[in-house]
Each structure stands twice: as C-alpha cells, then as structure tokens.
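Survey of secondary and tertiary structure
Read off the chains here:
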Number of protein chains: 2
Amino acid sequence: MQNLQPNMDEFLPLRDVVFNTLRQAILTGDLKPGERLMEIHLADKLGVSRTPIREAIHKLELEGLVTIIPRRGAEVAQITEKSMRDVLEVRRALDAFCVELACDRITEEGLIALKKACDTFELSVQTKDVKKIAQADVALHDIIAQATNNQRLIQLINNLSEQMYRYRFEYIKDSSQHETLVNEHRIIYQSIVHKDKTTGAEAAKTHIDNQEKAIIRQIRLDRAKNGMAPSQC
Amino acid sequence: MQNLQPNMDEFLPLRDVVFNTLRQAILTGDLKPGERLMEIHLADKLGVSRTPIREAIHKLELEGLVTIIPRRGAEVAQITEKSMRDVLEVRRALDAFCVELACDRITEEGLIALKKACDTFELSVQTKDVKKIAQADVALHDIIAQATNNQRLIQLINNLSEQMYRYRFEYIKDSSQHETLVNEHRIIYQSIVHKDKTTGAEAAKTHIDNQEKAIIRQIRLDRAKNGMAPSQC
DNA sequence: CTCTTGTATTTTGTATACAGATATTAGATT
DNA sequence: AATCTAATATCTGTATACAAAATACAAGAG
C-alpha cells in the first residue's frame, strides 16, 4: 500500500469517502490480499478519526472484500480458487438469467444503447487500452442488467462482478482473447435483438466460462509466486 | 415497537447482539416498515452506547432490512410490491439453480438428512404449529442449499429468504396451502434422489410461485390497511 | 389567515478516551 | 540454546463528548 489519498470530490459522509477509497485500493491491488487494515494507521493516513474507518471496513466486509477476525482486526479478503469458483458459478447462473430477462423486457432505447455499447467495445478493443476495454465491458453488461428492470438482480450482479475486478485487468491484458470477447458480445447482442433466450443464455455462460479459465490461471500464478516469497511487506 | 430485550445468551460483540435483536424485531414485525430507528433511543432501550447501535444498523442496511437516509437516520425498509417481486424473481432463479446443483453434488449423508427433513416437515404440518412449520421449512431448504457446496450461493439465498420472512408467517398460517407445500417438497426431494434436474428445478420454481402469490396478496392487504389508517405509531 | 423566517431541539457525523483482549518480546530457567 | 513465562505494547470494542445538519415550532410580516 502506498499513496491512498481520499477522494474528496463529492460531499459525502466521510465513511463513504473512506469506503470508496479503500474499495478502490483493494480492487486495483494497491492493498493486497492478506494485508491487515489497522484502524489507527488508516485513520492517520487518511486524516480522519477511527470512526469512519471502522464503518467503512464493516461495509467492505459485507461486500466480501474484507475479512474481520473478532478482537484481531480486519484484513483484505484472501481470494482462494474455491471462493472464486463459487462466485463465478453464481454469476454464470445470474448472467444467463439476466440475458433471458433482457430478451423479454429490453426497451427500444435499451436496444439502441446496447448496440452502441457493443460498437464502443469493439472500438476500444482496437485501441488495446486495457482500462478503456474494461470500462466498455462494464458499460455493456450494465445495460443488459438495467434492461431486466430488477433492482435486486442488478445489485447482486454488481457485487459479484466486483469480486472479479481484482483479476479483470490481467484477463483483459491477454489480447489473444479479444476476438473471442467481441464475438461473444455480438452473439449476446443478437440473441437479445431476436429474443432468442436459449442462445443468449448459452452465450452468457460461455462468456463467464472463458473469464473463469483466465482468472483461475491467474490465481494459481499468484499463489505460486506468493508461495515462493511469503513475505509481502 | 414494544419490548425488545437484548439476547445476551452468547458472548458476542455487542454490535452482533444488537444486530440480532433488531433483525429479529424487524422480521417478526415488532418493528414495522417505515418506523424510524433512532440511535439514542435504541441505545437507552438496549442499555448500550450508540456505537454498537450504529454498527448494527449499518449491517442491517447492507442486508436490505433497513434504509439509511444520510443526515436523517435509519428506518425499517419499506416493502413495496415491486421490491418483493424483484427479490422473488431472483430467488426463483437461484432456488432452481440450487436444486440442479444439489442433484449433482448431494452426498449420501445429505440425502439422508433431506429425507429426514421432509418427514419432519410433514409431521410439523400436522401439528398446525406455524412456528414449527416455518422452522422445518427453513431446515429443509437449508439442506438443499448446503448440498451445493457453494458458500456464496448459500449466503445469497439466505439473504433473499430473509426478505420474505416478514411475510412467511402469514403465508404459512393459510393452512389450505399445507397440502401443496408438502407435495412440492416431495417432488423436489424425489427429483434430487433421481438426479432429475429438470423436474426439480421446475418444482422449485413452482414452490416460489405459490409463495409469491400469498406474499403479494398479503402486501396488498397491508397496504390497503395502511392506506386507510396512515398513522402507525 | 397564510406564509416565511428565525430559533430551539433533536439527531446524526466525527473525534477521542478508556478498558480489555491479543500479540510480541525480553528475560529467566532448564 | 531452547522454551516457558511475564511484562509490555498494540489494537479492537465500547462509551462519551462535541459539532454540524436537519427538523419542528413559533412568532412576525404580508
């Protein structure tokens, strides 16, 4: 962990500012799995008192990004292969369900937005800009989720996706997969246009399967690396 | 709200004691939707300071049982028909998925436990004891969830179920549905025994559909009642 | 009589203090 | 030299104090 300056952009309660700051730090890997989150330390670093830090940490625990051990403190949640498989398994089911619902419920404007998001994604792939690609991918899936008009579903999928963000960059960096990604998005888009639930759901599952392969590979790599050099300060 | 005495049984952090106490109060309807949760008030009532109350309330918000309005405070989450439909829609999908996974993964012991839970449920139905029936129902569904061996899925289903507990009692009271419930459970059990995913998933969906009907009816009833008498102190 | 404005009260947001639990380290003993 | 114990330091859990914001109420102006 290095420079984590709070994002004072908006006028939010401090606990939310801290929450966003820590969340970002965890997702970008600035705070690494297993790293301890000590309240006074963070409080000093962010220039606030312990109270908002505590509240942010508890919120992060509920999101699954942090593990709290009673009377010992919090640490960045370890990602095990099993836990990631669990997340991906649920996400596969929900994403497929999402596409099915979208087939039924997407509006005219939704379809237009989805088309645009597909095109944007294809363009962003050509730029090879990892950050841009990730952003376009999130935007696309967000439109599909919104199309379900089910707030709870949207929230759950967001939360599950979050768990994968820590590996997303590694996954997207592998440009050999870019063509596959574009194709899968096209199939999903076409399925929704033609209201073909079966094909759409199948494509959504394949989409997750491919990500799973890349993410699991990365986790094993990370673990091998950390196994050799267990010190990580 | 009336008598909410904290459950000092176990030696837990106060925030968890408070959390459980408030959660119970909300699920049983002791704290009604829209009722404000004021920190000092609750702190006095439970004989603790504001800190654990705050932490409990924030945890409840993440669980979806409480709504926090910044700089205004927390209140018991309103249940709208839409929000409940959203919850049930996701739960229908996940429960069906759950049964499918259980077909693949349930162990020998799991099957035995499931059989036992089915029998226990049938017996509890005969007693007409609403509380006992609800408990047996939860136990049965818990075994199916556990059979998936997917911690994340188990956690999500628990959380979604929780949203329905506030109406579960009303639903189970309607004894005309008891025979249906028993039958649906039997079908689900048989499907898992024979590893018949399609039938099992279908039965799980029907099971939720039936609950949905009862719950939505109840919500409309409640709303009509509250519409006529908007005061609720 | 109604609307607006100002003040008082209530309530949250944040900081800090203190106690108890846990981890750590140093010292003593075998 | 290794291990056990005791003392110390560190950190969380909880309580409380203070400030700022929001709300409610009352008084005055239109």
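This text gives an overview of the structure that appears in the document. Per chain, the residues get numbers from 1 upward, laid out in the order the sequence is written. In the order they appear in the text, chains get letters beginning with A and ligands get numbers beginning with 1. With the structure being a predicted model, the display of local features is reserved for residues of pLDDT at least 70 and the display and counting of side-chain atom pairs for 80 or more, all residues being used for whole-chain, interface and lining totals.

**Things to note about the interface of chain A and chain B**
C-beta atoms are first placed from the backbone for all residues, and any pair lying within 7 Å is then listed as a contact. Facing 17 residues of chain A, the contacting portion of chain B comprises 17 residues. Elements that contribute at least two residues to the side of chain A that touches chain B include exactly α3 (50-63), α4 (81-105) and α7 (151-173) of chain A. It is α4 of chain A that provides the largest number of residues to the side of chain A that touches chain B, a total of six residues. Taken together, the residues of the side of chain A that touches chain B sort by class into nine nonpolar, three polar and five charged. The secondary structure listing takes helices from DSSP runs of H or I that are at least 4 residues long and strands from runs of E that are at least 2 residues long, numbered from the N terminus. Under the grouping applied here, Gly and all other residues not named as nonpolar or charged are polar, the nonpolar ones being Ala, Val, Leu, Ile, Met, Phe, Trp, Tyr, Cys and Pro and the charged ones Asp, Glu, Lys and Arg.

**A few points about the pairing of strand β3 (residues 73-76) of chain A**
Remember that side chains alternate between the two faces of the sheet whenever the strand is regular. Residue and element names in this part refer to chain A. Buried residues are those with 20 or more other C-beta atoms within 10 Å of their own C-beta, exposed residues have 12 or fewer, and partly exposed residues lie in between; C-beta atoms are placed from the backbone. Residue alternation in β3 divides its side chains into a buried set, Ala74 and Val76, and an unburied set, Gly73 and Glu75. Whether two strands pair depends on DSSP finding at least two bridges between them. Of the pairings in the sheet, the one linking strand β1 (residues 36-37) to β3 comprises two bridges and is antiparallel in character. Of the residues in β3, the one forming a bridge with Arg36 is Glu75. Between the end of strand β2 (residues 66-69) and the start of β3, which pair antiparallel, lie three residues, with Arg71 showing a positive phi angle near 60°.

**Describing the protein's contact with DNA strand C**
Nearness rests on one distance test: the residue's C-beta atom, set from the backbone, must lie within 6 Å of the molecule or strand. Lining the immediate environment of DNA strand C, one finds 16 residues, of which Leu14, Ser49 and Thr51 of chain A together with Glu39 and Gly73 of chain B sit closest. Only α1 (14-27) and α3 of chain A together with α2 (39-46) of chain B provide two or more residues apiece to the surface near DNA strand C. With three residues, the top contributor of residues to the surface near DNA strand C is α3 of chain A.

**Topic: helix α6 (residues 130-147) of chain B**
Residues and elements named next belong to chain B. A helix is expected to reach a length of 1.5 Å times the quantity of its residues less one. In a regular helix each residue adds 1.5 Å, so 18 residues correspond to 26 Å; α6 covers 26 Å between its end C-alpha atoms and thus fits that length. Those residues of α6 that fall on the buried side of the exposure criterion are Ile133, Ala136, Asp137, Leu140, His141, Ile143, Ile144, Ala145 and Ala147. On the buried face of α6, the contacting elements are α4 (81-105), α5 (108-127), α7 (151-173) and α8 (178-193).

**Regarding the protein's contact with DNA strand D**
The immediate surroundings of DNA strand D are formed by 17 residues, with Glu39 and Gly73 of chain A together with Leu14, Ser49 and Thr51 of chain B found nearest. Looking at the surface near DNA strand D, the elements that each hand over two or more residues are α2 (39-46) of chain A together with α1 (14-27) and α3 (50-63) of chain B. With three residues, α3 of chain B is the largest single contributor of residues to the surface near DNA strand D. Residue composition of the surface near DNA strand D, by class: seven nonpolar, three polar and seven charged.

**Remarks on the sheet that holds β2 of chain A**
Residue and element names in this part refer to chain A. Spatially, three strands are ordered β1-β3-β2 in an open sheet, and the strand pairing comes out antiparallel. Across the chains shown, the open sheet's two edge strands, defined by having one partner strand only, are β1 and β2. Alignment of β2 against β3, held across four bridges, turns out to be antiparallel. The residue of β3 that forms the bridge with Ile69 is Gly73.

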